[in-house]
Amino acid sequence: MDTLLEARHVSYSYHSLSGETPALSDISFSVEEGSFLALVGPSGCGKSTLLSLLAALMEPESGTITIQGRPASEYRGKIGYMLQKDHLFEWRTIWKNVTLGLEIQKRMTRENLARTEQMMRDYGLWEFRDARPSELSGGMRQRAALIRTLAPDPGLLLLDEPFSALDYQTRLNVCDDVCQIIKKERKTAILVTHDLSEAISAADRVLVLGRRPARIRLDLPLSFADSSLTPMERRQAPEFREYFNLIWKELNADEDRDRN
């Protein structure tokens, strides 16, 4: 597979009147086209900051981020960003919500609308196209938010804790649905999550970040004997526990050193 995204020696600090707060230090990694990468790390270590840099919403203080060999800022219009909440507008129907990105970008072409309609049909939302967001369950709303993100056909999908607002059972089901949709649509995705089980069940590879200022502590490719497993099924696979224990040990290495 070809490399889609490459971060080289990226560092970033927040500045205020009280001083400088380093967030990221010397982050380097690449992402292959069609792959699914998960970012995990302690709370406040800079995961969402890194995602904002990858989306070209902010510029690194040092280092570079390139997408298809060009600065990330030149690729901004082809990046889809899915947030923690669905942010569906109650005064718009579900169809009007999922086509909002196309409307804003003035890309309401027959081809784009047909593709969006097909996703609505494929993923069980077409019969609710005229409903309002309040009439849908949390899982259905999140599926609608994903279709809205996919409608402009982004080359890179960034997911910032997209299931964290859901209850546990719904979160498991929606993660299963969303990850299968992403793989079926053959999108390159980067997921930020606090949930190690979620990262292992969804991703092809996990980057473990250390405490702030974050550095990459572990770059772990994931491989399951049965490559056709859904995220839910992965949780029952024997490899799952091994990966969980490995990541857990790495995340707690700093605390163990502090106690000693």
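Description of the structure in this document. Note that the structure is predicted; figures quoted are calculated from it, not measured.

1. Some remarks on the pattern of salt bridges
- Under the definition given, this model contains nine salt bridges.
- Arg-143 is the partner of Asp-177 in a salt bridge, and the nearest nitrogen-oxygen pair spans 3.9 Å. Highlighted residues: Asp-177 in helix 6 (residues 168-184) and Arg-143 in helix 5 (residues 138-150), separated in sequence by 34 residues.
- Judged by its relative accessible area of 31%, Asp-177 falls in the partly exposed class.

2. Side note on the packing of aromatic side chains
- Tallying each qualifying case throughout the model produces five aromatic pairs.
- Taken together, a centroid distance of 5.8 Å and an interplanar angle of 65° make the contact between Phe-224 and Tyr-243 edge-to-face. Here Phe-224 is found in the loop between strand 10 (216-221) and helix 8 (231-234), whereas its partner Tyr-243 is found in helix 9 (residues 238-251), with 19 residues between them in sequence.
- According to the relative accessible area criterion, Phe-224 is buried, its value standing at 8%.

3. Things to note about the pairing of strand 1 (residues 3-16)
- Here strand 1 pairs with strand 2 (residues 19-32) via ten bridges, running antiparallel. Paired with Glu-6 across the two strands is Ser-30, which belongs to strand 2.
- The hairpin turn running from strand 1 into strand 2, its antiparallel successor, is two residues long.

4. Regarding the nonpolar core
- In this structure, Phe-36 and Ile-247 are the most contacted members of the largest nonpolar core, which totals 49 residues.
- Listed in part, the 31 residues of the second largest apolar core include Val-31, Ala-56, Ala-72 and Leu-158.

5. With respect to helix 6
- Between its first and last C-alpha, helix 6 extends 24 Å over 17 residues, near the 24 Å set by a 1.5 Å rise per residue.
- Buried within helix 6 we find Arg-171, Leu-172, Val-174, Cys-175, Asp-176, Val-178, Cys-179, Ile-181 and Ile-182.
- Those residues of helix 6 that are buried lie in contact with strand 3 (36-40), helix 5, strand 7 (156-160), strand 8 (188-192), helix 7 (196-202) and helix 8.
- The residue sitting at the N-terminus of helix 6 and contributing the capping side-chain oxygen is Asp-167; that oxygen lies 3.3 Å from the backbone nitrogen of Gln-169.

Quick notes on the rules
Residues numbered from 1 in each chain as written. Predicted model: local features only at pLDDT ≥ 70, side-chain atom pairs only at ≥ 80, totals over all residues. Heavy atoms only, no water. Salt bridge = Lys/Arg side-chain N within 4 Å of Asp/Glu carboxyl O. Helix = DSSP H or I, 4+ residues; strand = E, 2+ residues; numbered from the N terminus. Buried < 20%, exposed > 50% of the residue type's maximum accessible area, 1.4 Å probe, protein only. Phe/Tyr/Trp six-rings, centres within 6.5 Å; stacked < 30°, edge-to-face > 60°. Pairing = 2+ DSSP bridges. Core = buried A, V, L, I, M, F, W, Y, C linked by side-chain atoms within 4.5 Å. Expected span 1.5 Å × (residues − 1). Contact = heavy atoms within 4.5 Å. Polar contact = N/O pair within 3.5 Å; in protein donor to acceptor, adjacent residues only side chain to side chain.

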